[in-house]
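Next come the chains, spelled out residue by residue.
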There are 2 protein chains.
Amino acid sequence: MITRNDLNPDLLRAEYAVRGPVPARAKQLEAQGRKVIYCNIGNPQAFASQRPITYLRQLLALVEYPALLEDPAARPLFPGDVMAKARRILERHPSGTGAYTHEAGIPFIRKAVADFIGRRDGIPADPDHILLTDGASKGVEAAIVALLKDRRDGILIPIPQYPLYSAEIALRGGRAIGYHLDEKRHWQLREESLTAAISRARAEGTRPVAIAVINPGNPTGAVLAHENIEMIIRFARAHGLAILADEVYQENVYVSDRRFHSFAKVMHEMGEAAVSLFSFHSVSKGFLGECGHRGGYVELRNIPDDVLAQLMKLQSISLCAGVVGQLAVYVMVEPPAPGEESYARYVRERDGLLAAFKAKAEMLGRGINAIPGMSLQAPQGALYAFVRFELPAEPGVDPAGMGPEQQAAYEAQRDNAYCLALLEETGICVVPGSGFGQEPGTLHFRTTFLPSREEIEELVERLGAFHRRYVERLATRGSAVPAPAG
Amino acid sequence: MITRNDLNPDLLRAEYAVRGPVPARAKQLEAQGRKVIYCNIGNPQAFASQRPITYLRQLLALVEYPALLEDPAARPLFPGDVMAKARRILERHPSGTGAYTHEAGIPFIRKAVADFIGRRDGIPADPDHILLTDGASKGVEAAIVALLKDRRDGILIPIPQYPLYSAEIALRGGRAIGYHLDEKRHWQLREESLTAAISRARAEGTRPVAIAVINPGNPTGAVLAHENIEMIIRFARAHGLAILADEVYQENVYVSDRRFHSFAKVMHEMGEAAVSLFSFHSVSKGFLGECGHRGGYVELRNIPDDVLAQLMKLQSISLCAGVVGQLAVYVMVEPPAPGEESYARYVRERDGLLAAFKAKAEMLGRGINAIPGMSLQAPQGALYAFVRFELPAEPGVDPAGMGPEQQAAYEAQRDNAYCLALLEETGICVVPGSGFGQEPGTLHFRTTFLPSREEIEELVERLGAFHRRYVERLATRGSAVPAPAG
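On a predicted model such as this, the values are computed, not experimentally measured, just so you know. Each chain carries its own residue numbering, running from 1 in the direction its sequence is written. Chains carry letters and ligands carry numbers; both start at the beginning, A for chains and 1 for ligands, and go up in the order they are written. Per-residue local features of the predicted model are confined to residues with pLDDT of at least 70, and side-chain atom pairs are confined, for both listing and counting, to 80 or more; whole-chain, interface and lining totals are unaffected and use all residues. Values reported for side chains reflect all heavy atoms of the structure, with hydrogen atoms and water molecules removed beforehand.

Participant: Can you walk me through the relation of the copies chain A and chain B in this structure?
Facilitator: Copy one and copy two of the chain differ by a rotation about a common axis and a shift along it. Superposing the copies works by least squares over the C-alpha atoms of residues that have pLDDT at least 70 in both of them. The two copies are related by a screw motion: chain A maps onto chain B through a turn of 180° and a shift of 0.0 Å along the axis, at an RMSD of 0.0 Å. One copy is carried onto the other by what is essentially a two-fold rotation axis. Within chain A, the C-alpha atom positioned nearest to the axis of rotation is that of alanine 61 of chain A, 2.0 Å from it. Both copies contact each other with a shared surface, as 100% of the interface residues of chain A are interface residues in chain B too. Whether two residues are in contact is decided by their heavy atoms: any pair within 4.5 Å suffices.

Participant: Please explain unusual backbone geometry as it appears in this structure.
Facilitator: With the exception of glycine, most residues fall at negative phi, and the peptide bonds are largely trans. In this model, isoleucine 159 of chain B is joined to proline 160 of chain B through a cis peptide bond whose omega is 0°. Secondary structure elements are taken from DSSP: a helix is a run of H or I of four residues or more, a strand is a run of E of two residues or more, and numbering for both begins at the N terminus. By the secondary structure assignment, proline 160 of chain B is in the loop between strand 3 (153–159) and helix 8 (164–171). A cis amide bond, omega 15°, links asparagine 218 of chain B with the succeeding residue proline 219 of chain B. The phi dihedral of leucine 319 of chain A falls on the positive side, at around 75°, and the residue is not glycine. The topology assignment puts leucine 319 of chain A in the loop between helix 12 (305–317) and helix 13 (323–333). Even without being glycine, arginine 294 of chain B reaches a positive phi, approximately 50°.

Participant: I tried to follow the pairing of strand 3 of chain B on my own but got confused; where do I start?
Facilitator: The side chains of a regular strand alternate between the sheet's two faces. All names here are of chain B. Each residue is placed in one exposure class: buried if its accessible area under a 1.4 Å probe, protein chains only, is under 20% of its type's maximum, exposed if it is over 50%, and partly exposed if it falls in between. By the criterion of burial, strand 3 is predominantly enclosed, with seven of the seven residues buried. Burial along strand 3 is two-sided: Asp153, Ile155, Ile157 and Ile159 and Gly154, Leu156 and Pro158, pointing in opposite directions, are all buried. Two strands are said to pair when DSSP picks up at least two bridges between them. Pairing of strand 3 with strand 5 (residues 207–214), which is carried by four bridges, proceeds in the parallel orientation. Bridged to isoleucine 155 within strand 5 is alanine 210. Pairing between strand 3 and strand 4 (residues 175–180): six bridges, direction parallel. Bridge pairing in strand 4 links leucine 156 to isoleucine 177. By definition, the crossover connecting two strands over a helix is right-handed if that path, from the first strand to the second, turns clockwise as seen with the strands pointing away from the viewer. Regarding the hand of the β-α-β motif, the stretch spanning strand 3, helix 8 and strand 4 is right-handed.

Participant: What is the right way to read the side chain of serine 316 of chain A from this model?
Facilitator: Residue placement: serine 316 of chain A occurs in helix 12. What makes serine 316 of chain A buried here is its relative accessible area of 2%. Setting aside chain neighbours within four positions, we find serine 316 of chain A in contact with Glu103 of chain A together with Tyr16 and Arg19 of chain B.

Treat this as a map of the structure, not an account of what it does.
Given below as structure tokens:
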């Protein structure tokens, strides 16, 4: 029988905190009848408050079951423009949702993605350089599989980062090269931080091949400034790095003084034709929040044809992305147009969802910043806040005197214990900061702001009370374990 | 800019013939207005003759757009049992198709899969050992990623095989250990062939960790006998191998003297508790033919909990399988029951599709066996025939005098040239046998029998005429290139 020792050591090494021990414990508690507020994962439709966009679901129902298009009894159930769009899809793609497609996805949807990029950025985009994927995750995986040549190759990733990156890099036998984001300056990226990371990596014999950037940020909620993106592109060029631009939160920007700028657009403006770019987008975030449909795409720039052919081959080994996810991408990039019957409802639903995210991001930011010993850079975008919290030092323990690995392990143990206690005592499920990476000497957790406003109010209140108790126990008894009852 | 030399050499090594140069050329010809008969891929719904099972599509439409369940106007459009089933799904899984699920899939669907295995085989099955995947391909990928520890590890695969196996093994840096199926005995597996393969591998310093078996066979169409499966299990036990049982064609058996036996059932009968088993199934084949929905599952047996936990972690990194594919799996394992309103229609559609496959398999078998210089073991199951064809020797070329690699390359060049000429001259797109592996000294191609009966008749006729011309050109002119016209 296979034992753990028989398994790929790279698999054993890979960690994915978003579904780690804290969420696993939450499921156990829930099974025992406890109410859990899941703030561990950006899964909007797991909350009753996020309803799907009606237009998308109407269209999918019709393409799944085209008999509805032929039955006059179905006419009162669907707006005319949705029926017309479903018919056009089936004319252009008669096998509907039932057959494997081209390995890169259905051609007219790839064309629609290119047109979307063109409208968004005012730049040309090539449908042949767009691959539809099962969520952005599979696009990121493909890029990492393709770019890591051997065990010395490394990819720069932000600290904190979304752990898909560290997990995939570990799984494919590469090295993650962390660069620190500047918490004090709204998690922007400083060039010194990149330079320091790459020098350290080279000194350790690592060969950097790419840099991953998440904008808007996960878990930071930061929106990168235009000049920050320019700096990254110049840096990538200087060091011969490909760029992996994770732009799945591009619709999720909540502050008036920041705009989303795509790497594709900034590269085009700079006339940059030498840096290879992989840009990722997804139907799971934004306002669609269609995580369960696993739709996404990667757009490639400055990629020669023989490299493109290898990426196509990689896609073809798993045949193609799910067709329903491809159709969800189609709706994302080609929503109802002004003048169409569904337009008003679509806009109302979209704007309602985005306004609620913005209001909840602000609520959470204000509420948590008012808790003594807790602070955060209020999220400018995305679906998360990365909250910093302070704990009293433990008597006789000096983290600053430890080696870097020992200190990271000590701090991971501290933030894990904190998040587990928070879960046990309040039912709030968040992810320890060590799962994303954090500056030595700091402690964090990531929370989403997806629950309802009422739940977020409750969350802030319970969090404050919990933090006070936890700190007090630590300070007075040197232990955070609650005193036995009675 | 990234160049081909910057890419993962394992990606460069991986080959996937089903979407290789012959199908690529077919797409070009089609774009130029030529009619192509695509027999290269098991993609049933790419043919107008394969309609989806109505029940499945009705259910998916309702779960995608649950407003239909609340609108009395929708009642005449859907049978009552489908509406009731959609309601039960949404009661048990309120987020419907919109949210990420448990990394292993929706719990009640995993339970339904376990019940299905129990009914099919009369053995117990554990829902916690079932993982829902995006098609069987992703399950196979996960198993291979988990089992290959380093570059010396190898997995036994059949020759001929479905090239997913060789591609994934190459991509994950492992070694494929080919064992030959016995064409003369309906492609059954002989123990000597396994023993020879493993001895040769060990002699070359390869460490075998698993054996992949495809039953019913792809590309062979063979259905393994019960005693053949017992022999494989004993062999796996003797050599400490895990078994990867690809059983995606289990519904596709067309001969009365063969039945599908699952590895799970035979292992259970033998009381085998030491051999780790990964069994794969899919909604893409059988009679559903829902390739575009990318639904599948892997069932694990004799896998310790800490190994299971690692496989779960691997699933969690890409979040979860697409929910629509998970629902398609649900319909596969829990179709309408006798007495339900949809039952009669479901049975009629299912039996119609399976009867058509059987008739077309027989037609193709008879037709091709009547072509001089061509032969096949008429398919007992699956969706393919692996056709052997003879070409006259080229003057001055002695393949038997070549080294094994040189001979394989020579024969690959010959079967590729043949398949390309077949495509150019007749519009028939098949895959060269070298893409699957073949005995030295033999030439084959794989064809599906998915086109309509009329197209299969036409295919057999054109194939016979083409083969005569091709052989004649080779024999008289030493070249298969057609003489210039006019």
